[in-house]
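A closer look at the structure
Letter by letter, the chains look like this.
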Amino acid sequence: MADRLAPSTRHQYKHNGQVVYEWDQTFSEVNIYVPVPPGVRGKQLFVDITTSHLRFGIKPNPPYLDVRRGGVVVNDLAGGVKPSECYWTLEDGVLHVALTKLEEGEPWHSALAGHALDPATQQADQQRLMLERFQVEHPGFDFSQATFNGQVPNPRTFMRGLDGPGGQPEEGEGEAA
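Below: a short report on this structure. Here the structure is a predicted model, which means the values were calculated and not measured. (Residues numbered from 1 in each chain as written. Predicted model: local features only at pLDDT ≥ 70, side-chain atom pairs only at ≥ 80, totals over all residues. Heavy atoms only, no water.)

Right, let's talk about the pairing of strand β2 (residues 18–25) for a bit. Where strand β1 (residues 11–15) meets β2, five bridges bridge the pair, whose relative direction is antiparallel. Paired with K14 across the two strands is V19, which belongs to β2. In this structure, the hairpin formed by β1 and β2 is closed by a connection of two residues, where N16 is found at a positive phi of approximately 55°. Strand direction decides the pairing type here: β2 and strand β3 (residues 29–35), joined by four bridges, are antiparallel. Directly across from D24, in β3, lies its bridge partner N31. Between the end of β2 and the start of β3, which pair antiparallel, lie three residues. (Pairing = 2+ DSSP bridges. Helix = DSSP H or I, 4+ residues; strand = E, 2+ residues; numbered from the N terminus.)

Over its 19 residues, helix α1 (residues 119–137) extends 27 Å from the first C-alpha to the last, a length consistent with the 27 Å expected when each residue adds 1.5 Å. Three or more residues of α1 are buried, namely Q122, D125, Q126, R128, L129, M130, L131, E132, R133, F134 and Q135. Those residues of α1 that are buried lie in contact with β1 and β2. Looking at where α1 begins, the residue whose side-chain oxygen comes 3.2 Å from the main-chain nitrogen of A120 is D118. (Expected span 1.5 Å × (residues − 1). Buried < 20%, exposed > 50% of the residue type's maximum accessible area, 1.4 Å probe, protein only. Contact = heavy atoms within 4.5 Å. Polar contact = N/O pair within 3.5 Å; in protein donor to acceptor, adjacent residues only side chain to side chain.)

Moving on, we get to the environment of K14. Tracing the chain through its elements places K14 in strand β1. On a C-alpha basis, the gap between K14 and H115 in space is 9.5 Å, while along the polypeptide they are 101 residues apart. Residue contacts for K14: discarding those within four places in its chain leaves V19 and V20.

This part covers the side chain of H53. Tracing the backbone shows H53 in the loop between β4 (45–49) and β5 (54–58). Its relative accessible area of 9% is what places H53 among the buried residues.

Using the criterion set out here, one finds five aromatic pairs in the structure. Seen in terms of ring centroids, F134 and F148 are 6.2 Å apart; in terms of plane orientation they differ by 40°. Their pairing is tilted. On the criterion of sequence distance, the pair formed by F134 in helix α1 and F148 in the segment after α1 is long-range, its members being 14 residues apart. The exposure class assigned to F134 is buried, which follows from its relative accessible area of 17%. For F148, a relative accessible area of 23% puts it in the partly exposed group. Members of the aromatic cluster, joined through ring pairs, are F134, F141, F143 and F148. (Phe/Tyr/Trp six-rings, centres within 6.5 Å; stacked < 30°, edge-to-face > 60°.)

What follows covers the nonpolar core. One finds W23, I32, I49, L54, L95 and L99 to be the most contacted residues of the largest nonpolar core, which totals 23 residues. If you list the elements that add at least two residues to this core, you get β2, β3, β4, β5 and β9 (94–100). Those residues within four positions of L99 in sequence are excluded, and the remaining contacts are S28, E29, V30, I32, I49, L77, V81 and C86. Counting five residues, the second-largest nonpolar core is a separate cluster that includes M130, L131, F134 and F143. (Core = buried A, V, L, I, M, F, W, Y, C linked by side-chain atoms within 4.5 Å.)

The structure is reproduced here in structure tokens:
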């Protein structure tokens, strides 16, 4: 059932009418897809992933993505990631970079800072992530046709403080004295 809530389309970032990259997200990952020139093999690529920055290109050329102005990174990741849990592959001429979110459930409004989605698309993504969270927490139910009325809550923070009955942490939980 969880696959029914998987992204059905990829968001596109275009420049001068040409797709530069596509991306999608799940509750715990952001995936970036970049077409590479024909004939490029994986061993010719370099990909560097840090907590807040993605840099890649074809050896020995300058990075395709690593925009800096005055030594300051311009196109940074739109959210934090866990570099040790991220990976990349090259398949059918597309570089796929899988990024594990630092804050599981946090909706990203873009893959790279400054490339934000329109508000309606952001809201639709946030709703899908909220439903994906419900699906993970309640695997016996099908939330694929559920909808929200009004503003969709943040999937990472919604009702996280209500750990036990009455909103209080259950016995043995909470801060140590």
